[in-house]
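Listed below, chain by chain, are the residues.
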Amino acid sequence: MTDLKKPIKKAVFPVAGLGTRFLPATKVLPKEMLPLVDRPLIQRAVEEAQEAGIEEFIFVSGRGKSLITEHFEIQPELDDLLREKGKLDLLERVSHSDIPSGKVQICMQQRALGLGHAVSCARSLVGDEPFAVFLVDVMTLGEMGCMAQMIKVYNETGGNVIASSPVPRDLTYKYGILDVENEGDDVSAIRGMVEKPDPSDAPSNLHIIGRYILQPEIFDILDRREKGAGGEIQLTDAMVSLMQDQPFTSVKLKGETYDCGHHLGFIEANIAFALADPQFGRETQEILKKYINKENLNAAA
Ligand code: UTP
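Draft legend 1. Spotlight on the site of the ligand. What surrounds the ligand is a group of 17 residues, the closest being Ala16, Thr20, Arg21, Lys31 and Gln109. Gln109 places a polar side-chain atom, nitrogen or oxygen, 2.7 Å from a nitrogen atom of the ligand. Between the ligand and Asp137 there is a distance of 2.9 Å, counted from an oxygen atom to a side-chain nitrogen or oxygen. Considered on its own, the ligand offers 560 Å² of accessible surface; in the complex 83% of this is hidden by protein. One can see that the ligand is located within the largest pocket. Broken down by class, the residue content of the shell around the ligand amounts to eight nonpolar, five polar and four charged.

Draft legend 2. Structural detail: the pattern of salt bridges. For the coordinates displayed, the defined rule picks out 19 salt bridges. Put simply, Glu55 and Lys9 hold a salt bridge, and the shortest N to O gap is 3.6 Å. Within this pair, whereas Glu55 is found in the loop between α1 (41-51) and β4 (56-61), its partner Lys9 is found in the segment before β1 (10-14), the two being separated by 46 residues in sequence. Residue class for Lys9 comes out partly exposed when judged on its relative accessible area of 31%. Between Asp220 and Arg123 there is a salt bridge; the shortest N-O distance is 2.6 Å. Residue Asp220 is found in helix α8 (residues 218-222), and its partner Arg123 is found in helix α6 (residues 123-126); the two are separated by 97 residues along the sequence. What makes Asp220 partly exposed here is its relative accessible area of 45%. Here the salt bridges share partners, and the residues they tie into one network are Asp38, Arg39, Arg44, Glu47, Arg93 and Asp277.

Draft legend 3. Examining the packing of aromatic side chains more closely. In this structure the tally under the stated criterion is seven aromatic pairs. Here the aromatic rings of Phe22 and Phe266 are separated by 5.3 Å at their centres, their planes lie at 85 degrees, and the arrangement is edge-to-face. Note that Phe22 is positioned in the loop between β1 and β2 (35-36) and Phe266 in helix α10 (residues 263-276), a separation of 244 residues in sequence. Each member of the pair, Phe22 as well as Phe266, carries the same accessibility label: buried. Residues Phe131 and Phe219 carry aromatic rings whose centres are separated by 5.0 Å and whose planes lie at 10 degrees to one another, so their mutual orientation is stacked. Remark: Phe219 occurs in helix α8 and Phe131 occurs in strand β6 (residues 131-134); sequence separation between them is 88 residues. Given the relative accessible area of 0%, Phe131 is considered buried. Owing to a relative accessible area of 1%, Phe219 belongs among the buried residues under this scheme.

Reading the values: the criteria
- Residues numbered from 1 in each chain as written.
- Predicted model: local features only at pLDDT ≥ 70, side-chain atom pairs only at ≥ 80, totals over all residues.
- Heavy atoms only, no water.
- Near = heavy atom within 4 Å.
- Polar contact = N/O pair within 3.5 Å; in protein donor to acceptor, adjacent residues only side chain to side chain.
- Areas by Shrake-Rupley, 256 points an atom, 1.4 Å probe, with all protein chains shown as cover.
- 1 Å grid on protein atoms, 1.4 Å probe; cavity = no way out; pocket = protein on both sides within 12 Å on 5 of 7 lines; lining within 4 Å.
- Sits in = over half its atoms within 2 Å of the grid points.
- Nonpolar A, V, L, I, M, F, W, Y, C, P; charged D, E, K, R; others polar.
- Salt bridge = Lys/Arg side-chain N within 4 Å of Asp/Glu carboxyl O.
- Helix = DSSP H or I, 4+ residues; strand = E, 2+ residues; numbered from the N terminus.
- Buried < 20%, exposed > 50% of the residue type's maximum accessible area, 1.4 Å probe, protein only.
- Phe/Tyr/Trp six-rings, centres within 6.5 Å; stacked < 30°, edge-to-face > 60°.

In structure tokens, the structure reads:
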């Protein structure tokens, strides 16, 4: 009998996507390197994983994405310079997400064949243990990080865990939607999931937000390389298949979620994160007040 409650030590970050929705910004710069206030999306995702107690970080990378892993290289010259100049607060910010030697691994997804394919590329690095998956273009803001909330539940339930958050009913056609046993509960067993259902067919209004805890048996299914929507190897299809043999649990995020994969979502995330930042919050409020002034709004329109 498989143990479905082994501790989660590894996180997979699929960062090999093309980021077409964010062109032209992402023509050269990987989407995952776009700064959310003061640090790139990928750093925020790694910090979320660290907060949840994850110790090993696996990047599924692609062509032109080397900046992402370079960002996690320690730069002794920069550290020395900041120390010499007495800029200790900056030094602290720079070293905040340092990853110890031997704890970063990189594998290549040679072609962007879909999220499911990207996850399958990490198989040999993950091995035979459960792991977390982070979609780096989704950021969440709450008292506790999304993955920490999920691991708390996983320690009770084991199995597979998916983070979810409610969306307005009329927008279900934009998201992966869960079919859960008790939609009102914060934690609920998942019965199924549907990609982008019409509001009238949606089994709930809980959308899948891009944080997963998965058992290693998902790799056997992904390795069948079955193509789904858009001709891509879809993670959702593989999860639906695994659901026949293993339990899946939905954890409703306590907090807000932001889709940083497109322009307006990214703009909103920057406003929200800046307002929540102890260093920038107050002044960001002042800036917003300036723009909320009707005259300025009209002038900008
Ligand atoms: P998205 O669905 O946002 O795709 O991927 P994308 O290619 O990055 O962006 P668009 O749709 O062209 O604008 C969600 C996450 O999965 C990764 C992406 O890098 C992103 O972090 N991904 C997606 C891969 O690593 N490989 C893939 O084949 C697809």
